[in-house]
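Listed here are the chains, written in short residue letters.
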Amino acid sequence: MTVRGQQCLEAADVVLYDHLVPARLLRSARADAEKIDVGGAAPQALEQEAICYLLAEKAREGKVVARLKWGDPFVFDRGGAEALFLHEQGVRFEVVPGIPAGIAVPSYAGVPITYPGGGDTLTFIRGHEDDGKAQASIDWESLARLDGTVVCYAGPEQLPRILGELVSHGRPVDDSAAVVYDGTLPTQQTLVGTLEQIAETVRRSEDRRPAVLIVGRVTALREHLRWFDARPLLGKRLLVTRPKAQAADLVNRIEAMGGEAIEAPMIRIVPPDDFAPLDEACARAGEFDWIVFSSVNAVDAFIERLLAGPRDLRALKGVRLCVVGPSTGERLARYGVKVDITPAEYRADAVVPAMAAFGDLRGQKILLPHGDIGREVVADELRRNGAEVVEVIAYRTLIAEPEREGEPDIYRMLLERRIDVVTFTSASAVRNFVRVLGDEPAADLLRTTVVASIGPVTAEAAAQFNIQSTIVPAAYTVPALVDAIVDYFQKKPS
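The residue numbers shown here count from 1 along each chain, following its written sequence. Predicted model: local features are reported for residues with pLDDT of at least 70 only, side-chain atom pairs are reported and counted for 80 or more only, and whole-chain, interface and lining totals are derived from all residues. Hydrogens and water molecules were not included; the side-chain quantities draw on all heavy atoms of the structure.

Ordered in space as β2-β1-β3, the three strands form an open sheet in which the pairing is parallel. Of all strands in the sheet, those bounded by a partner on one side alone are β2 (34-37) and β3 (65-68). If you compare each strand with its neighbour and ignore which way they point, the axes differ by 15° on average. In this structure, strand β1 (residues 14-17) lies alongside β2, joined through four bridges in parallel fashion. The partner of Tyr17 across the bridge, within β2, is Asp37. Only strands that DSSP links by at least two bridges are regarded as paired with each other. By the criteria applied, helices consist of DSSP H or I runs no shorter than four residues and strands consist of E runs no shorter than two, each listed in order from the N terminus. Axis lines are fitted through C-alpha atoms, for helices just across the contact stretch, and the angle between N-to-C directions can take any value from 0 to 180 degrees.

This paragraph deals with the pairing of strand β8 (residues 211-215). The cut-offs for exposure are 20% and 50% of the maximum accessible area for each residue type, with area from a 1.4 Å probe on protein chains only; residues under the lower value are buried, those over the upper are exposed, and the others partly exposed. Burial analysis of β8 places five of its five residues in the buried class, the great majority of the element. Here β8 shows two buried faces, one formed by Ala211, Leu213 and Val215 and the other by Val212 and Ile214. As paired strands, strand β5 (residues 148-154) and β8 are joined by five bridges and run antiparallel to one another. Each residue of the ladder has a partner; that of Ala154, found in β8, is Ala211. With five bridges joining them, strand β6 (residues 176-181) and β8 adopt antiparallel strand pairing. What sits directly across from Tyr181, in β8, is Ala211.

Once the charged atoms of two side chains with opposite charge are near each other, the side chains can pair. Salt bridges, as used here, are contacts in which a Lys or Arg side-chain nitrogen is within 4 Å of a carboxyl oxygen on Asp or Glu. In total, this model carries 36 salt bridges according to the counting rule given. Residue Arg209 pairs with Asp182 through a salt bridge whose shortest N-O separation is 2.8 Å. Highlighted residues: Arg209 in the loop between α8 (195-204) and β8 and Asp182 in the loop between β6 and β7 (189-194), separated in sequence by 27 residues. The exposure class of Arg209 is partly exposed, given its relative accessible area of 22%.

Here it is in structure tokens:
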């Protein structure tokens with residue numbers, strides 16, 4: 001998606017989208033935006049007329065409307081018809097170019113559709129309509145004679161016919177060809193061979209997915225240029241249970257490795273019921289000898305509340321800062337604040353000795369802003385060492401409710417073994433996962449699924465519910481978690 005397309009989507013009051021548009025892309029729209037699924041990318045004429053009237057109707061209501069289409073709106077699509085209808089209705093519009101599937105899919109398959117020596121023509125042909133829609137009218141004889149690349153949007157019913165037409169009208173049977181299913185998706189599959197071999201394979205296949213067909217010498221370069229389907233997590237589905245606001249890094253890293261991230265946040269971070277204790281702690285920030293942040297959420301909640309009042313980061317002058325884990329330290333660094341110590345784990349035997357190394361803890365004033373759930377064993381141990389500890393609720397953790405219909409059915413996907421890895425990045429995510437699915441079902445479903453926990457504390461929380469963690473990285477960070485998952489699958493016998 002282009003930057004301009006992203007801007008339009010974020011500004012829209014109403015989003016009309018094709019069914020092929022990934023659900024994750026729709027999350028770029030505002031939470032309060034009306035989202036309407038209008039079906040396939042090339043609907044029937046009557047369906048198209050209804051879409052056109054709906055676009056105009058929503059615009060006349062004074063709403064900003066984004067028509068989110070699959071690929072490019074003007075390439076083998078009805079975007080031109082929709083724009084013309086809006087012009088006739090006197091409705092102002094803007095067309096934002098996209099990336100056509102005929103360009104994107106070959107690139108993801110490692111096939112450059114133009115290359116020196118690959119011929120002087122590039123031809124896109126229509127062939128994706130099925131279910132009784134009008135067939136494309138192509139001069140196959142002239143097309144077969146062209147020396148270059150042919151790219152075709154091919155539906156499952158049309159693909160055998162298109163291949164047959166090319167061969168019967170003189171395209172060399174030993175010409176290189178490729179068929180790409182689910183192009184650009186983690187389930188992408190590419191078949192390569194001669195035109196004759198591909199035609200025979202497709203004829204025998206029962207695969208009912210649409211595909212992009214590429215014919216020409218350039219397809220032979222795939223052996224050297226394939227990159228996407230060589231990624232280590234291709235075809236793997238990984239469940240991301242992290243809160244939505246914090247999930248982007250994990251999701252992006254999973255997708256960068258070729259995996260499919262299924263976002264199903266188990267927890268939602270919200271402000272405390274009463275800001276008064278947190279505000280009082282912010283007002284007294286400079287009086288403490290230490291502030292201990294146990295999570296990224298604690299950092300955000302405390303700093304944002306501090307800056308919302310009359311004070312700024314200068315209030316922390318002279319206060320030593322302890323953060324648990326490098327991710328928490330990185331979040332403080334974003335605010336321009338450096339930390340003094342970073343124990344890897346939020347355990348008393350890790351945090352307290354690290355702080356004691358700076359001097360005797362007796363009489364030290366220590367602030368612990370934290371969430372509303374969980375046992376604060378660190379605070380108890382600090383008190384046993386003579387410290388004066390002030391605990392304050394900085395945020396609350398709630399069970400996340402599904403946003404809309406169409407959210408993934410996690411129970412069913414686990415039951416059908418369609419999830420390869422379940423990731424947990426906090427103990428609270430584990431607890432809420434079990435709360436949503438139930439103690440016994442959660443343990444049973446995960447017994448045959450790889451569980452990846454970000455650290456020992458999270459793995460211990462899972463173990464309390466008879467959920468064993470297969471993967472626990474040596475460093476307790478999101479990058480280390482993804483690296484450990486990749487390492488697991490690379491070492492696992494196929």
